[in-house]
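# Notes for the structure review
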Amino acid sequence: MATFLAHYQSIKKSAQRLVVAIADVNDLWPTVKEGFEARVPFRKACLNSKFQNSVILDKLPVEYILTTDSRLRSRTPQEQNAFCFQEPFAMVVLVTCEDLEEYKTILKPRLKEITQNEEREWFIVFVSKAQLANDQAGKLTRKIYNKIEVDFSNKKRERCCKLDMHVADAAFWEDVESKIVECIRFSLDRRVLFYEEEIRNLTENHHPQAGSFVNYFILKESLASMFQMTQLQDDALREYEELEQSYLESVNLSSMKQRKFGGHDHGDDSAALLDSHRKPLSQLVEDDTFREFDFRQYLFACQAELLFFLNRPVDVAARGYSFIISFSRLLSDNEKSLPFSLREVWVLTACMTLIKETEERFSARSMTIEAEKEFHRLQADLYSLARVKLMRLGDLIGYGGNIERTPCNSANLSMLPWPKPNIWPSIPSDAADRISLKGQFSEKRSKPFGITRKPLPLAPTLLLRDANRRRASLSVGNIPEFLESRQSFKESIYGSPAGDNASSLALSPGGVPPAPLRSMSMSANGDLTGSLNSPGAGPSTPIRSVSFGTTAKAGAATNRYDRPMKLPEICAAAEFAIQSMVTDEKLLKGLSSAENFEDFLMELTKAAADSYHQSWRKRHGVVLDGEVAAFYSRHGNYDSAAKLYEKVCAMYSGDGWHALLAEVLPDLAECQKQLEDLAGYLLSCIKLLSLEKGLLEDSERHTVQSEVLWLAHTELKNPVSVDVSTLITFSGRGGSPLKLCEGDPGSLAISVWSGFPGEITLDALSVTLIATFTAEEGVKVVRSAQAPSLKPGKNDVVMVLPPQRAGSYVLGVLTGQLGQLRLRSHTYCMTSALSSKGGSPESDDFLSLERPLRPVLEVSEPRPLVDITCVVSWGLLINEPQWLGLVIRPIDYSLKGSILHLSSGSGLQIEEEQICEIEAAGKLLKGSNQKQFPKDHGNPSSAGENPFIVKGKEKQFLGMKDGKVSLPDSASDQASILWLRVRAVQRMQKNGFLTPSPPSSPLKAYDKDMANGNILEDSTTLSNFSGLLLGQDDKKHGSSRSKDNQTIGVRKLDVKLEYGAALSRTYERTLTVQFLDPLRVVSRVIAKGSDSIIFLQVTLISQLNASITIEDAELVLQPGFVHVNGESGRPFPSSILPLVMAPSSESALLFTARYEMSGKRSEEYSNSVQCELEVGSTVVIKYQIVGDRALGAHSPLTCLKKDSMQEHPLLEFKSFLVLQMPISDPFLAVGMLPLPVDNPCVGEQMILQWRVERITEGTCKPSYTSTDQKLDDVEHLYYEVEADPDHWMLAGRKKGWFFMPQQNGGRVVVSLVCIPLIVGYVQPPCLLLPGVDKTRISNTPAGPHSICILPPPLCSSFCVKK
Amino acid sequence: MIACVAVVGQQNNPLFIESFTEGEDELKFHYIVHCSLDVIQEKVSNPKKTGSAMNETFLGLLYPTEDYKVYGYLTNTRVKFLLVTTDQDVRDIDVRNFFRRFHAAYVDAVSNPFHVPGKRIISKAFTERVGAIVKSFGAPTT
């Protein structure tokens, strides 16, 4: 079988190209060869695939071989069946003939002979040598050619073509090419059918048996080779795939399990999966079957070649990776029969070969992005696999100390079993040095911050145990093995030289000794080490008595029988076995020393990382970057290490994988510390503290914190800003946000969760407030009241809020100062159920990254915050102590701690030290428009009950001092009424005129007003106190009185409220309250008797919202009047009293009086003008008042206090009135006589005359009468003529005396020359008698009248002149 | 044998990870699960290439290595379930079944009103239930 295969392979090797046979009958080939070969390779050739699909080939190379060539002649008929792929696919018969007879006799039989083989595809090329000019020869050759066509061509197929040697005919060559391709196609189809038939025959019994599989393989590969020759690589690939599938099916048959696997040849450790020519086919066969180890690699190599030919390196890589994985499993299954660690070495070399070959053939330009990514991903996977195998080999050899115990390496190695050879390799004879080297383990590296973790396992089981168990002379339960293992275990744990490497190899994945080991340690007595050297310790005593050094020197032969090997021995033995097997130079170098191993490992790691980055598998890439970083860090290249570690940390942090982050972060911190990158180191420390609970021990966290504090306070020279969002979080207090008004300072309480393990004292803490919904508003920073000390967990911090502008604010960034360290936290906890209840840092909200949405502070727009009005601003009793109610209504604003300042205007007295009352206003008052209050109050219909005031609330008494009242807390949020005692003062002089009262206000402004006499209100109250006289006058002034009433008695009260946070706000207002007399008095004389008795009606109009009871009334008369019959001046009838007056009602009292007709009268008359104004009568009314202070006037306070027994004391009200004597006839009558001219003109002189006539006998002046009356009967009267000097020019005596006869009817005419000066209606001059009372003069006419003055007449002299 | 199961959130953050090996080497499963997210991302961004239907939640085998296999499952809310097994021959139907039950357990766990969405699942009941599902992995279902 092997020879057959060798023969087949030689045939296959020789038949690389598609052959077209040339049957050169007439030695024409040298002549036409050039023309034929110029067309090769054929372009656009169309062939059929295995499934009869037309395939157009771009290039079809063919080789022309003469049939007489030895290559064709040497083949035997037997070979031609099985190896028909090497046979010519077409035969071109070259003939020429110039004689018809010769054709018939010689050429035709010859051609028949050549073409009789039906297996061959052929066609005839007739070469014509005839010249075009030679018509005869040309005709003959055409005739012969026609004959040939008739003889060899048929309707179905044209098998002849003619070549004119002397004519360049392109169409001929195309014809030839198409005919050759046609022949090839037919041959291919026929041979494919043949092979299929053969294969079908062979596989009729489902699976080719051992012997027949070689035939099957030859048939399949021949077919594949044929497809390959005809450029149908896809079909060839399919054949190989089917071949591989069939092979896998055949090897899985139980009957074939016993075959040889292979892998024992020299060089088998180096993978041949891309080299089909490594071994000849004959060497792949053993016992008439293919060795699986070699044959599967061969099959894959053939496929890979085809794929490379098809420019599909990505497919090679993909199939190669899968092949390596499956083949590795296969090697694992056959590991016991294979050389030690062949699996690992083979996988490693396979990966490297595949990487190298595919990379060489890969061109990114011809690939899509996706394909490129896929390729890099496969490369990276291959690098990673190679890396894992290298680490495993290195660990075996004893370079485990150079392998980082990272999660990545642990994941790759801890589930990968140790090699499982049938017998563990023995220690070589010259291994003493090697063993001693293995004992020198690398120094154990510790993590910073005292972080101690159980090292991650790099292997699933103990190497020590695994290796010893596989030794020829020992078994699992062997006591000495355990003792030795125990010793090694102890060495590895406690002592150097075992160190880190030893522990990695000796410890089980969980760090717990395996169960048999533990049971042994319990059962063993005494000193284990001693027992090892004791001669009688066990059956293997003689062996164990040999010292270690002796054992090493004794060589492999001795070790086969003695005690279990120690770890260095195992490593040394493994190293020897591996190095003696490995043929790959690069790998050999890589395993030659720990340094080379590390370099090789890093080379693979970097390449894998780069490839992963190119394939966009960033996580894979970055993790491997971390491995590279560890290498850099170990070798002092901290800069590069830190950069790579930062990438790793950023990735883990971004994805939130804290457990993995906790592994890398200390290393990054250490690098940064070495680089003196204090800011970065600090940040790493902060991140370490921010890790999830449980990843770091408390002691470690405290160490990190102390490091942070040390850096912040001591080491850092420049300020550093660090984001501690994951370590310190904050939130506002739960519930509704703090509400302030614009301009209010305040304090904002926030909760800060500290993730530091211990208490830290910050230098300062501030938080930014961000206004929502306003883009232009900047960020406000508010600071804490004092430097806070943050305990672990929740802390309450109060921030001082300066006055803010209106808006809604959310918390922004929390900033703390710690030495030179500036801590920033952007993490605002959402108000979830946990945080509102005071969630701890351990709660889920600690790491919440949601943005704040809930405002913590709402500052409202400027608006009225408080309103102070009077409960009653109208109708309080003047001159009596009254309760003045002030309604203090906060408008959604707290008045806590506010102080009310009160100062009164003139005419109003407030006791600066008094006890005030305060009570809550009713609920109805809240939210009501305060402006409506006085209106409603003034409505008489609502006088009985004020709906806004609810009585019965608890009263509080407040002390007022210096005009200040501190409002109680009960008044801070609700409307309250403050009751003050006030008294409006109005003083009246004897003559009835009122003067302003002295000011009681301490305010200077009002002092000034007082000094200037600007207080007008009091001076306007005259009419209220002047009971007016007689009916006519009363009516005359009635309309103006009611108007005056609106301003009479108005007093001002200045209130100033200091309120708000820190009493920063003030509310100032001047309140006006109108105080009134209880009654308005209107009097008139309703009747006058002939006996000088007059009836005086006094009408009383109630002005207050209170019930008035008139208990007594008295009329005190002025001189000149007396009461009738000596009565006391009480009203008539007396039974009318007491009189009860309802609010706003009217009543009238009737008094009687008469003139006093005694001698006093003349005297009184003489002084009448003055006396009328100075002396008057008075109506004195004594009354009681019953009212409610909430409605208006009420009983005076003092009375209540002084005479508590008398509920309603009598009050007194006085009203002045002046009774006037009846007026008698006038003494004199004065009248102007008619004008002398009808139409006076300007400048016209006229004499005006006044006639004075005595009406009543006597004199006008008593004094005169008493002195001059006796001398004569005339009275000496003084006169004056009064005229407007602008209107009149007077000529004559304007003033003078005239004598008036005392007799009744005596007349005097006064004349005066007057000249009018202006045109129009002017008043004439008037004659006055200053010495006589006007009332005694009767003027005719009664009033002044006007005179019409005409313009002056035209002057004729002027006209003449003109 | 199932070595580890994990739930990974929308932001690729671990929500739940539980290993079922004896050793204290859970960290390596963190690594395996974390790196598997790369493959899930590839599969999600190239659904055509992987041949999975748009609404197919089962992502199939993510990680064919020598020693372990990682299977993935993606919910409609982009939560990922991962399964690390050391068995070399695992039936697809078993894995699908496992993920279906695992998903149901997860839905029940996150329906707890006290669970904060997107945070780690700390429910002991969920852990126990997952343990039960893992134990019954591969067992014939009724």
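On a predicted model such as this, the values are computed, not experimentally measured, just so you know.

### What about the overall build of chain A?
Counting its secondary structure elements, chain A contains 42 helices and 53 strands. Within the span of chain A, comprising 1362 residues, buried residues form 51% of the whole. Within chain A, contacts between residues separated by at least 24 positions form 76% of all contacts whose residues are at least 6 apart in sequence. When the accessible surface of chain A is totalled, it reaches about 63100 Å², and 52% of it is carbon and sulfur.

### Quick word on the interface of chain B and chain A
Where the parts come together, the accessible area they lose is often given as the size of the interface. Counting from both sides, the interface comprises 36 residues of chain B and, opposite them, 41 residues of chain A. Both sides together, the interface formed by chain B and chain A hides about 3300 Å², and carbon and sulfur atoms give 55% of it. When the buried surface of chain B facing chain A is broken down by residue, B:Tyr31, B:His34 and B:Glu66 rank first, second and third, together holding 22% of it. In this structure, B:Asp38 and A:Arg619 form a salt bridge, with 3.1 Å as the shortest nitrogen-oxygen distance. At the level of secondary structure, the elements contributing two or more residues to the side of chain B that touches chain A comprise strand E2 (14–19), helix H1 (26–45) and strand E3 (58–64) of chain B. No other element matches H1(B), which puts 14 residues into the side of chain B that touches chain A. A breakdown of the residues in the side of chain B that touches chain A according to their chemical character gives 15 nonpolar, eleven polar and ten charged.

### Concerning helix H6 (residues 135–152) of chain A
Residues and elements named next belong to chain A. For H6, spanning 18 residues, the distance from its first C-alpha to its last is 25 Å, which sits close to the expected 26 Å at 1.5 Å a residue. The complete set of buried residues in H6 reads Gly138, Thr141, Ile144, Tyr145, Ile148 and Phe152. Down the axis of H6, the buried side of the element spans an arc of 130°, and every buried residue falls inside it. Among the exposed residues of H6, those oriented more than 90 degrees off its buried face are Asp135, Gln136, Lys139 and Val150. At its buried positions, H6 is contacted by strand E5 (90–95), helix H5 (100–115), strand E6 (122–128) and strand E7 (160–164).

### Remarks on the nonpolar core
Residues and elements named next belong to chain A. Membership of the largest hydrophobic core comes to 272 residues, with the highest contact counts inside it found for Phe36 and Phe217. Among the elements that line this core, the one with the most residues is helix H14 (residues 369–397), at 13 residues. Setting aside chain neighbours within four positions, we find Phe217 in contact with Leu5, Tyr8, Ser222, Leu243, Leu281, Phe290, Phe295 and Tyr298. Counting residues in each nonpolar core, the second largest holds 35 residues, with Cys870, Leu886, Leu900 and Val982 among its members.

### Digging into the packing of helix H11 (residues 292–309) of chain A against helix H12 (residues 313–333) of chain A
All names here are of chain A. Relative orientation of the contacting elements H11 and H12 amounts to 170°, with a least axis distance of 10 Å. Relative to H12, the element H11 is oriented roughly antiparallel. In this structure, H11 contributes Glu292, Phe293, Arg296, Gln297, Phe300, Gln303, Ala304, Leu307 and Phe308 to the contact, and H12 contributes Pro313, Asp315, Val316, Arg319, Gly320, Phe323, Ser326, Phe327, Leu330 and Leu331. Residues that form the contact of H11 with H12 fall into these classes: eleven nonpolar, four polar and four charged.

### Quick notes on empty space enclosed by the protein
Residue and element names in this part refer to chain A. Taken as a whole, this structure holds ten cavities of 30 Å³ or more when the rule is applied. Its volume calculated, the largest cavity comes out at about 110 Å³. Considering the residues around the largest cavity, the lining is formed by 13 residues, among which Ala272, Asp275, Arg278, Lys279 and Asp294 are closest to the centre. It is H11 that provides the largest number of residues to the lining of the largest cavity, a total of four residues. Its residues placed into classes, the lining of the largest cavity shows four nonpolar, four polar and five charged.

### Digging into the sheet that holds E6(A)
All names here are of chain A. Here five strands make up an open sheet; going across it, the order is E4-E1-E5-E6-E7 and the pairing parallel. Looking at strand neighbours, the two that pair on one side only are strand E4 (62–66) and E7, the edges of this open sheet. Here the strands of the sheet are splayed against their neighbours by 25° on average, with no regard to which way each runs. As paired strands, strand E1 (residues 18–24) and E5 are joined by five bridges and run parallel to one another. Bridge pairing in E5 places Val20 opposite Ala90. Sitting on the sheet, H5 is in contact with E1, E5 and E6, with an inclination near 170° to E5.

### Regarding the side chain of B:His34
As for its position among the elements, B:His34 is in helix H1. B:His34 gets classed as buried once you look at its relative accessible area, which sits at 1%. Ignoring anything within four residues of it in the chain, the contact list for B:His34 reads A:Arg619, A:Met651, A:Tyr652, A:Asp655, A:Trp657 and A:Leu660.

### Re the pairing of strand E43 (residues 1211–1217) of chain A
All names here are of chain A. Side chains Leu1211, Phe1213, Ser1215 and Leu1217 project from E43 onto a buried face, and the interleaved Glu1212, Lys1214 and Phe1216 project onto a face without burial. By the bridge criterion, seven bridges tie strand E42 (residues 1177–1186) to E43 in an arrangement that is antiparallel. Counted as the bridge partner of Ser1177 is Leu1217 from E43.

### A short note on a negative patch on the surface
Residues and elements named next belong to chain A. The grouping of Glu98, Asp99, Glu101 and Glu102 at the surface amounts to a negative patch. Topologically, Glu101 is positioned in helix H5. Looking at Glu101, the relative accessible area reads 48%, which means it is partly exposed.

### Looking at the sheet that holds strand E47 (residues 1288–1291) of chain A
Residue and element names in this part refer to chain A. One open sheet accounts for five strands, arranged E47-E49-E45-E44-E52; its pairing is mixed. Strands with a single pairing partner mark the edges of an open sheet, and in this sheet they are E47 and strand E52 (1337–1340). The average undirected angle you get between the axes of adjacent strands in this sheet is 30°. Pairing of strand E44 (residues 1228–1232) with E52, which is carried by four bridges, proceeds in the parallel orientation. Bridge assignment links Gly1231 to a residue of E52, and that residue is Thr1340.

### Overview of the packing of aromatic side chains
Tallying each qualifying case throughout the model produces 38 aromatic pairs over all chains. Note on A:Trp122 and A:Phe152: the rings are 6.1 Å apart at their centroids and 90° apart in plane angle, and the pair reads as edge-to-face. Taken as a pair, A:Trp122 in strand E6 and A:Phe152 in helix H6 lie far apart in primary sequence, 30 residues in all. Across the pair, A:Phe152 and A:Trp122 agree in class, each one buried. Arranged with centres 4.8 Å apart and planes meeting at 70°, the rings of A:Phe340 and A:Trp424 form a pair that is edge-to-face. One end of the pair, A:Phe340, is in the loop between H12 and helix H13 (342–361); the other, A:Trp424, is in the loop between helix H15 (407–413) and helix H16 (432–439), with 84 residues separating them in the sequence. By relative accessible area, A:Trp424 is classed as buried at 2%. Three or more aromatic residues joined by ring pairs form one cluster here, namely B:Phe16, B:Phe58, B:Tyr73, B:Phe81, B:Phe98, B:Phe99, B:Phe102, B:Tyr106, B:Phe126 and B:Phe137. Positioned above the aromatic ring of A:Phe152, the side-chain terminus of A:Lys112 is 5.1 Å from the ring centre.

Conventions we followed
Residues numbered from 1 in each chain as written. Chains lettered and ligands numbered in written order. Predicted model: local features only at pLDDT ≥ 70, side-chain atom pairs only at ≥ 80, totals over all residues. Heavy atoms only, no water. Helix = DSSP H or I, 4+ residues; strand = E, 2+ residues; numbered from the N terminus. Buried < 20%, exposed > 50% of the residue type's maximum accessible area, 1.4 Å probe, protein only. Contact = heavy atoms within 4.5 Å. Areas by Shrake-Rupley, 256 points an atom, 1.4 Å probe, with all protein chains shown as cover. Buried area = accessible area lost by both parts, 1.4 Å probe. Salt bridge = Lys/Arg side-chain N within 4 Å of Asp/Glu carboxyl O. Nonpolar A, V, L, I, M, F, W, Y, C, P; charged D, E, K, R; others polar. Expected span 1.5 Å × (residues − 1). Arc of directions from axis to C-beta. Core = buried A, V, L, I, M, F, W, Y, C linked by side-chain atoms within 4.5 Å. Axes fitted to C-alpha atoms, helices over the stretch in contact; angles between N-to-C directions. Parallel < 35°, antiparallel > 145°, perpendicular 65-115°, else oblique. 1 Å grid on protein atoms, 1.4 Å probe; cavity = no way out; pocket = protein on both sides within 12 Å on 5 of 7 lines; lining within 4 Å. Points joined across faces, edges and corners; volume = space filled by probe spheres on them. Pairing = 2+ DSSP bridges. Patch = residues over 30% accessible without salt bridge, like charges linked within 9 Å, V, L, I, M, F, W, Y side chains within 5 Å. Lys, Arg positive; Asp, Glu negative; His and termini not counted. Charge placed at Lys NZ, Arg CZ, Asp CG, Glu CD. Phe/Tyr/Trp six-rings, centres within 6.5 Å; stacked < 30°, edge-to-face > 60°. Lys NZ or Arg CZ within 6 Å of the ring centre and 35° of its normal.

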